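Residue strings, one per chain:
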Amino acid sequence: MKARYKEIVDRYAGMIRSAQIPAGTRLPTHRTLATREHISLATATRVYAELEKMGLVSGETGRGTFVREILLPSGQGIDQHAVASDVLDLNFNYPALPGQGELLREALRQVAAGGDIEAHLRYQPHAGRQTEREIVAAHLAGPHFQPSGDNVLIVNGAQHGLTVTVMGLLRPGDVVAVDALTYPGFKALAALYHLELLAIPCTETGPDLTALRQLCQRRHVRAVYTMPTLHNPLGWVLSREQRRTLAEIARQHDLLIVEDTAYGWLIRRPPPPVASFAPERTVYVTGFSKNVATGLRVGAVVCPPDLRPALERAIRATTWNTPSIMTAMVCHWIQDGTVARFETLKRRDARQRQAVLKAVLGDLPCITHPESYFAWLPLADEARADRVVKALMDNNISVSTAEPFSTSGTVPQAIRIALGSVTVDNLRLALMQVREAVELEQSR
């Protein structure tokens, strides 16, 4: 015989799927459900937990349990499938510039004409060829950051850099402190590798470092994952003092620092990287996907010398080496100034798109940075982000809720908007629809 609580779960699931209980409905409190169904409070809690596992409801601390919009396409966030050609994608960023295709064609010609063409047919060193690591090291160098080519490892994009860092330096069950809103790709990686993520509360200017200290005092935290230069999705750039404090906390509690700078190039004169304050314990991860092209999966990891063997083993276990043809093209573009030119043009493009965002959204509260390719739009207390996302998808516009970014028990009602993947004219039209959908939802 089916357990009593299973019967209740199935009944509520059926009513939600058939829209008898519409999306956004606040369900009875646990105590009210227990009274209504003649079950214990613990059983009522179990009912809602089962419905949440099924993706049908979401519980929000202090507000209650709400029915989710279940008609959203799967994977709003890191697992999103490729959108249809007629959908305006404001979910993922893949900024491109006119003429990049022809530059790629010319770069391939140069590789083909090169004297070492047959070398590309053979295995390469796991960390990449030494000359190319030196080129990447020089490209990443700044007044306070002078990485050696010996400590640069070339990887298949920044996400692969994060992957080999986790595989090489952490173990399943390790506790990692992350921002309460963070990059979904790291969340997905942590789930696959069975890491425990502890949320650091977010302030207007960055993570609450006092709260991080307290977390480290209560738990054995192994590492902290941080995006100090153009945080995704909140756009903050940590000050020099914040970076120094983060490094001090890491030393005090023996934390590994994983510094993700995938969007850092958008900031023209950023403070020194966290790696410059704690070089002995920081793994610095970056890539050439956003500043050059998302299809060229080339990235770099800068690490302390003693960590390099473990990271090389992880590269060997996952890909053996980054394809040398792509690495050669990226390094050629670094040397001839193409990467610097792309970065300059894309910074200008990001500022233009931010101006469009500000002009269209007007007085809607928006958290962003004037040189960022994304924006965070909090909604009013009673508004439901999933309804906004569904309404926009019905109009062929794809955005994300806060859920893929959230690492805390409470998922805020907000949407994240990627600005870099459509034309400026289409961005303006899409943002007008975003504003309309948000204002309609908040007027309910």
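Residues numbered from 1 in each chain as written. Predicted model: local features only at pLDDT ≥ 70, side-chain atom pairs only at ≥ 80, totals over all residues. Heavy atoms only, no water.

The name that an unreviewed UniProt entry assigns to the chain is PLP-dependent aminotransferase family protein, with the source organism given as Leclercia tamurae. Within the UniProt record for the chain, the comment given under Sequence similarities (unreviewed entry) is "In the C-terminal section; belongs to the class-I pyridoxal-phosphate-dependent aminotransferase family." (UniProt positions renumbered as here; feature names shortened; annotations may be inferred.)

Asks: Let's hear about the pairing of strand E6 (residues 196–200): which residues, and what values?
Replies: Across 5 bridges, strand E5 (residues 175–179) lies against E6 in parallel orientation. Each bridged residue has a counterpart across the sheet, and for Ala177 the counterpart in E6 is Leu198. Once the chain exits E5 it traverses helix H7 (residues 184–192) before rejoining the sheet at E6, and the crossover so formed is right-handed. (Pairing = 2+ DSSP bridges. Helix = DSSP H or I, 4+ residues; strand = E, 2+ residues; numbered from the N terminus. Right-handed = clockwise from strand over helix to strand, strands pointing away.)

Asks: Break down the packing of aromatic side chains for me, citing the residues and quoting the values.
Replies: Here the structure, examined in full by the defined rule, presents 5 aromatic pairs. When the ring of Trp376 is compared with that of Phe405, the centres are 5.8 Å apart and the planes differ by 80°; the resulting orientation is edge-to-face. Of this pair, Trp376 sits in strand E12 (residues 374–378) while Phe405 sits in the loop between strand E14 (400–401) and strand E15 (414–418), and the two are 29 residues apart along the sequence. Since its relative accessible area comes to 3%, Trp376 is described here as buried. One cation-aromatic arrangement involves Arg384 over Phe66; the distance from NZ or CZ to the ring centre is 4.1 Å. (Phe/Tyr/Trp six-rings, centres within 6.5 Å; stacked < 30°, edge-to-face > 60°. Buried < 20%, exposed > 50% of the residue type's maximum accessible area, 1.4 Å probe, protein only. Lys NZ or Arg CZ within 6 Å of the ring centre and 35° of its normal.)

Asks: Can you tell me about the pattern of salt bridges, naming the residues and giving the values?
Replies: Under the criterion given, the structure shown has 18 salt bridges. The salt bridge involving Arg244 is made with Glu241; its shortest N-O contact spans 3.9 Å. Residue Arg244 and its partner Glu241 are both found in helix H9 (residues 240–253); the two are separated by 3 residues, about one turn of the helix. Residue Glu343 pairs with Arg347 through a salt bridge whose shortest N-O separation is 3.6 Å. On the criterion of helical spacing, the pair formed by Glu343 and Arg347 is a turn pair, its members being 4 residues apart in helix H13 (residues 338–361). Here Glu343 and Arg347 have matching classes, each one buried. Put simply, Arg251, Asp254, Glu280 and Arg281 are held in one network by salt bridges that share partners. (Salt bridge = Lys/Arg side-chain N within 4 Å of Asp/Glu carboxyl O.)

Asks: Got a sec to walk through the nonpolar core? Specific residues and values, please.
Replies: Membership of the largest hydrophobic core comes to 30 residues, with the highest contact counts inside it found for Val176, Phe186, Tyr225, Leu256 and Val283. Among the nonpolar cores identified, the runner-up in size contains 28 residues, and Val360, Leu419, Val434 and Ala437 belong to it. (Core = buried A, V, L, I, M, F, W, Y, C linked by side-chain atoms within 4.5 Å.)

Asks: Could you give an account of the state of the cysteines, with specific residues and numbers?
Replies: Counted under the stated rule, the structure contains 0 disulfides. In this structure Cys202 is not part of a disulfide, and its nearest cysteine sulfur, from Cys216, lies 16 Å away. The thiol of Cys366 is unpaired, and the distance to the nearest cysteine sulfur, on Cys202, comes to 16 Å. Overall, the relative accessible area of 31% leaves Cys366 in the partly exposed class. (Disulfide = S-S within 2.5 Å.)

Asks: Any details on the sheet that holds strand E11 (residues 367–368)? Residues and values, ideally.
Replies: Sheet strands associate in pairs through backbone hydrogen bonding, adopting either a parallel or an antiparallel arrangement. Reading across the sheet, the 4 strands line up as E11-E12-E15-E14 and stay open at both edges, with antiparallel pairing between neighbours. Looking at which strands have only one partner, the edges of the open sheet turn out to be E11 and E14.

Asks: Could you give an account of the environment of Leu392, naming the residues involved and the relevant values?
Replies: Structurally, the position occupied by Leu392 is in helix H14 (residues 385–394). Look at Leu392 and you get buried, because its relative accessible area is 1%. As for Leu392 and Val438, which are separated by 46 residues in sequence, their C-alpha atoms are 9.5 Å apart. In contact with Leu392, other than residues within four places in its own chain, are Ile397, Val399, Gln433, Val434 and Ala437. (Contact = heavy atoms within 4.5 Å.)

Asks: Describe a nonpolar patch on the surface, and please don't skip the residues or the numbers.
Replies: Together, Leu104, Leu108 and Ile325 give the surface a local cluster of nonpolar side chains, amounting to about 220 Å² of exposed area. Position of Leu108 relative to the elements: it lies in helix H4 (residues 100–113). (Patch = residues over 30% accessible without salt bridge, like charges linked within 9 Å, V, L, I, M, F, W, Y side chains within 5 Å. Areas by Shrake-Rupley, 256 points an atom, 1.4 Å probe, with all protein chains shown as cover.)

Asks: Lay out the packing of helix H1 (residues 4–17) against helix H3 (residues 41–53) with the relevant residues and their values.
Replies: The axes of two packed helices give the description: the angle between them and the distance between them. Viewed as axis vectors pointing N to C, H1 and H3 meet at an angle of 45°, and their least axial separation amounts to 9 Å. Classified by the interaxial angle, the pair formed by H1 and H3 is oblique. Remark: the crossing between H1 and H3 carries right-handed chirality. Contacts between H1 and H3 involve Tyr5, Lys6, Ile8, Val9, Tyr12 and Ala13 on the former and, on the latter, Thr43, Arg46, Val47, Glu50 and Leu51. (Axes fitted to C-alpha atoms, helices over the stretch in contact; angles between N-to-C directions. Parallel < 35°, antiparallel > 145°, perpendicular 65-115°, else oblique. Left-handed = near helix turned anticlockwise from the far one by under 90°.)

Asks: How would you summarise the side chain of Asn232 if you had to cite specific residues and measurements?
Replies: Among the secondary structure elements, Asn232 is positioned in the loop between strand E7 (223–226) and H9. Here Asn232 falls in the buried class, since its relative accessible area comes to 5%. Of note is the side chain of Asn232, whose polar atom sits 2.9 Å from the side chain of Arg416. Ignoring sequence-local partners within four residues, the contact set of Asn232 consists of Thr182, Tyr183, Met227, Tyr263, Phe374, Phe405 and Arg416. (Polar contact = N/O pair within 3.5 Å; in protein donor to acceptor, adjacent residues only side chain to side chain.)

Asks: Summarise H1; cite the residues concerned and give the values.
Replies: With 14 residues, H1 should cover 20 Å at 1.5 Å per step; its first-to-last C-alpha distance of 20 Å lies within 8% of that length. Taken residue by residue, H1 has Tyr5, Ile8, Val9, Tyr12, Ala13 and Ile16 as its buried positions. Around the axis of H1, the buried residues are gathered within 130° of arc, so they sit on the same side. Where H1 is buried, its residues contact helix H2 (30–37), H3, strand E1 (57–60) and strand E2 (64–67). (Expected span 1.5 Å × (residues − 1). Arc of directions from axis to C-beta.)

Asks: Could you give me a rundown of the sheet that holds E6, with the residues and numbers involved?
Replies: Here we have 7 strands laid out as an open sheet, ordered E4-E10-E9-E8-E7-E5-E6, and mixed in their pairing. Unpaired on one side and paired on the other, strand E4 (152–155) and E6 mark the two borders of the sheet. Ignoring strand direction, the axes of neighbouring strands in this sheet form an average angle of 20°. Summarising the sheet, strand E9 (residues 282–287) and strand E10 (residues 299–302) pair through 4 bridges and their orientation is antiparallel. From the neighbouring strand, Thr286 faces E10, where its bridge partner is Ala300. Lying on the sheet, helix H5 (residues 130–140) is in contact with E4, E9 and E10; it crosses E4 at an angle near 105°.

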